[in-house]
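# Fold and contact review
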Amino acid sequence: MLKCGGYMKKRLKIVLIFIGVILLSIGIMVGSAYIYLEASLRADNADNSQENIPYTAPLPDSVGVLFLLPDNCGYLFYLGFADDELLITTVTDYDGSEDYFGYTATYEILCDYTFLAEFIDRLGGIELYDSGKTLRYTGVQIIDKIYTGNNNSDLKKEVVRIIFEKIADVGITKEDFSFIISSTETNLTVPDCYYWPPYLTEIAEKARFIN
């Protein structure tokens, strides 16, 4: 009987140790899984936080963009991103020159009045002061006024000035530049102007004619 009782105690001890080992293993597994899950959630949250942080577009190089209309006239826009300025030079009787008042035409854009009308419409039209009141015009209406107006050159400059005012107000996008490139003859490419939109929107309000 004593031998039987001792054997039963020994066996019970082994069973308890075995159960303890199993419970310990389960505890380690559950704990490891919890730690891994928590670490994964923290990593995901960190990634999401990084994705929600807006990246600042690198400051583009200052460039000159020459817009030429069918009448061989146009404007050189000096986009002074580094100097926080936008200067406009009126170009008459274009002769192939690349330098205007000390500013170089880095890119050329050959366009027609249909393009200009469509671009104005992309901005939502523009407002002109006419006959004692301010009126909103569509692109086609603006082109019609340019064709039929008496002070053609002054009206063109006013339209250009107001277009930049509108850009400063509503902004310009990468899609707008894609439209410009696909609708004109130009050596400007999408990669060239990829980072321009936020900076051009900012300097557009500082646009001024130098001649």
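For the structure itself, consult the block above.
These lines cover the structure that appears in this document, whether it is placed above or below.

Rules and cut-offs
- Residues numbered from 1 in each chain as written.
- Predicted model: local features only at pLDDT ≥ 70, side-chain atom pairs only at ≥ 80, totals over all residues.
- Heavy atoms only, no water.
- Salt bridge = Lys/Arg side-chain N within 4 Å of Asp/Glu carboxyl O.
- Helix = DSSP H or I, 4+ residues; strand = E, 2+ residues; numbered from the N terminus.
- Buried < 20%, exposed > 50% of the residue type's maximum accessible area, 1.4 Å probe, protein only.
- Core = buried A, V, L, I, M, F, W, Y, C linked by side-chain atoms within 4.5 Å.
- Contact = heavy atoms within 4.5 Å.

## Thoughts on the pattern of salt bridges
For the structure shown, the criterion picks out seven salt bridges. Its salt-bridge partner being Asp-84, residue Lys-206 comes within 3.5 Å of it at the nearest N-O pair. One end of the pair, Lys-206, is in the loop between helix H7 (196-204) and strand S10 (207-209); the other, Asp-84, is in the loop between strand S2 (74-80) and strand S3 (85-91), with 122 residues separating them in the sequence. Classification of Lys-206 by relative accessible area gives partly exposed; the value is 28%. Several salt bridges share partner residues, and in doing so they unite Asp-84, Glu-205 and Lys-206 into one network.

## Focus on H7
Of all nine residues that make up H7, seven are buried, and the element is covered over most of its length. Those residues of H7 not exposed but buried are Trp-196, Pro-197, Tyr-199, Leu-200, Thr-201, Ile-203 and Ala-204.

## As for the nonpolar core
Leu-79, Phe-119, Ile-163 and Trp-196 are the most contacted members of the largest nonpolar core, which has 45 residues in total. Per-element tally for this core: the top contributor is helix H4 (residues 152-170), with seven residues. Among all residues touching Leu-79, those that are not within four sequence positions of it are Ser-62, Val-63, Val-65, Glu-85, Leu-86, Trp-196, Leu-200 and Ile-203. Leu-68, Val-91, Tyr-94 and Ala-105 belong to the second-largest nonpolar core, a separate cluster that totals seven residues.

All quantities given are derived from atomic positions and should not be read as evidence of function.
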